Amino acid sequence: MANKLEVWQRGPLPGIIPVLQPVAHALLQAREEVNEYMYEFPDELMWVRPAGLASVGFHLQHLSGVLDRVFTYARRESLTELQFFQLEEEGTDSREKYTVDDLVDRFNHQVDIALDQIKGTHESTLTDFRGVGRAGLPSTVIGLLIHGAEHTMRHVGQLLVTAAVVKNVKKIGKFK
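To start, this report covers the structure provided alongside it. These numbers were taken from a predicted model, which means no experiment stands behind them. (Residues numbered from 1 in each chain as written. Predicted model: local features only at pLDDT ≥ 70, side-chain atom pairs only at ≥ 80, totals over all residues. Heavy atoms only, no water.)

Looking at the overall build of the protein
Inclusion rule: The way it works is that DSSP assigns letters per residue, a run of H or I at least four long becomes a helix, a run of E at least two long becomes a strand, and they are numbered from the N terminus. This radius of gyration counts C-alpha atoms alone. The globule rule is 2.2 Å times how many residues there are, raised to the power 0.38. Each residue is assigned to one of three classes by its accessible area relative to the maximum for its type, calculated with a 1.4 Å probe on protein chains only: buried under 20%, partly exposed between the two thresholds, exposed over 50%. The contact rule is simple, with two residues in contact once any of their heavy atoms fall within 4.5 Å. To be clear on the numbers: accessible area is Shrake-Rupley with a 1.4 Å probe, and residue cover counts the displayed protein chains and nothing else. His is not counted, nor are the chain ends, whereas Lys and Arg count as positive and Asp and Glu as negative. Every charge is mapped to an atom, namely NZ of Lys, CZ of Arg, CG of Asp or CD of Glu.
When you go through the protein residue by residue, the secondary structure sums to five helices and two strands. When the helices and strands of the protein are read in sequence order from the N terminus, they spell out α-α-α-α-β-β-α. Its C-alpha atoms give the protein a radius of gyration of 17 Å, near enough to 16 Å, the size a compact globule of 176 residues would have. Taken over 176 residues, the protein has a buried fraction of 44%. Contacts spanning at least 24 positions in sequence make up 70% of the contacts within the protein whose residues lie at least 6 apart. Accessible surface for the protein amounts to roughly 9,800 Å². Of this, 57% is attributable to carbon and sulfur atoms. Here the protein carries 19 positive and 23 negative side-chain charges, and the mean point of each set is 5 Å from the other.

Some words on the environment of Leu145
Its place among the elements puts Leu145 in helix 5 (residues 141–171). Residue Leu145 is classed as buried on the basis of its relative accessible area, which comes to 0%. A sequence separation of 78 residues divides Leu145 from Leu67, and the C-alpha atoms of the two residues are 8.8 Å apart. Not counting the four nearest positions on each side in its chain, Leu145 is found in contact with Leu20, Val23, Phe71, Ala74, Gln117 and Thr121.

Points about the packing of helix 1 (residues 21–38) against helix 2 (residues 56–74)
Applied cut-off: Orientation is described by axes fitted as lines to C-alpha atoms, over the contacting stretch for helices, and by angles from 0 to 180 degrees between their N-to-C directions. Roughly parallel refers to an angle under 35 degrees, roughly antiparallel to one over 145, roughly perpendicular to one between 65 and 115, and oblique to any angle outside these ranges. The sense of a crossing depends on the near helix, which, turned anticlockwise from the far helix by less than a right angle, makes the crossing left-handed and, turned clockwise, makes it right-handed.
Helix 2 packs onto helix 1 with a crossing angle of 160 degrees between their chain directions and a minimal axis gap of 13 Å. When the axes of helix 1 and helix 2 are compared, the pair comes out roughly antiparallel. Of the two elements, helix 1 crosses helix 2, and the hand of that crossing is left-handed. Across the interface between the two elements, Val23, Leu27, Val34 and Met38 of helix 1 pack against Val56, Leu60, Leu63, Leu67 and Phe71 of helix 2.

Section: unusual backbone geometry
Despite not being glycine, Glu40 shows a phi value in the positive range, around 60 degrees. With a phi angle near 65 degrees, Arg76 is a residue other than glycine that sits in the positive phi range. Tracing the chain through its elements places Arg76 in the loop between helix 2 and helix 3 (81–89). The class of Arg76 is exposed, set by a relative accessible area of 61%.

Concerning the pattern of salt bridges
For the record, the criterion: By salt bridge we mean one thing: a side-chain nitrogen of Lys or Arg within 4 Å of a carboxyl oxygen of Asp or Glu.
Taken as a whole and judged by the stated rule, the model has seven salt bridges. As a salt-bridge pair, Arg154 and Glu150 come within 3.1 Å of each other at their nearest N and O atoms. Taken together, the residues span about one helical turn, with Arg154 and Glu150 both in helix 5 at a distance of four residues. Its relative accessible area of 39% is what places Arg154 among the partly exposed residues.

Description of helix 3
This is how it is decided: The arc in question is traced by the directions running from the helix axis to the C-beta atoms.
Here helix 3 has its buried residues at Gln83, Gln86 and Glu89. Seen end-on, helix 3 carries its buried residues on one side only, within an arc spanning 125 degrees. In this structure, helix 3 carries Glu81 and Glu88 as exposed residues pointing more than 90 degrees from its buried face. Summarising the contacts, the buried residues of helix 3 are in contact with helix 2 and helix 4 (100–119). Gly91 occupies a position one or two residues after helix 3 and carries a positive phi of about 95 degrees.

Describing the packing of helix 2 against helix 3
Basically, it comes down to this: Gly is placed with the polar residues, together with every amino acid not listed as nonpolar (Ala, Val, Leu, Ile, Met, Phe, Trp, Tyr, Cys and Pro) or charged (Asp, Glu, Lys and Arg).
Close contact between helix 2 and helix 3 brings their axes to 10 Å; oriented N to C, the two are set at 145 degrees. Crossing geometry of helix 2 relative to helix 3 is assigned as left-handed. Between helix 2 and helix 3, the contacting residues are Gln61, Asp68, Arg69 and Thr72 on the first element and Gln83, Gln86, Leu87 and Glu89 on the second. The residue inventory of the contact of helix 2 with helix 3, partitioned by class, reads one nonpolar, four polar and three charged.

This is the structure in structure tokens:
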């Protein structure tokens, strides 16, 4: 990525109001980085937890899950049974055994859904109240969309570091 402009440097994205451009840029940047760093990442290393930290698999699940949940709250909707199941599942493999590609594809799909939602968000609704979770913690549409983007980027950073550590430790023979 050294020779490539970051998404925000490529200019405005069509169909997205100016105030939400940074949210969309961050999500697209996250997608590019996840796809680049997870390319050919070994499935057998996905659940390794170096120094007891969260695994690559957790971060991939969490990236999709949080983005889905936060954007659901921004639409003033309740979480579904599937969303609760995916929340409980974060950090564990499925019975069918996820591949890295499965979880990267899930994230890519969730980014597409989020971008569609951003495109459909009207500026007049950005400061509208939105309750978060069962407790209805106070937020706004723009607060949730920005949180979705910043939380995504935070976990992308953690994912990239974890992936690099796990691959390096495997290379020197510490993980079997």
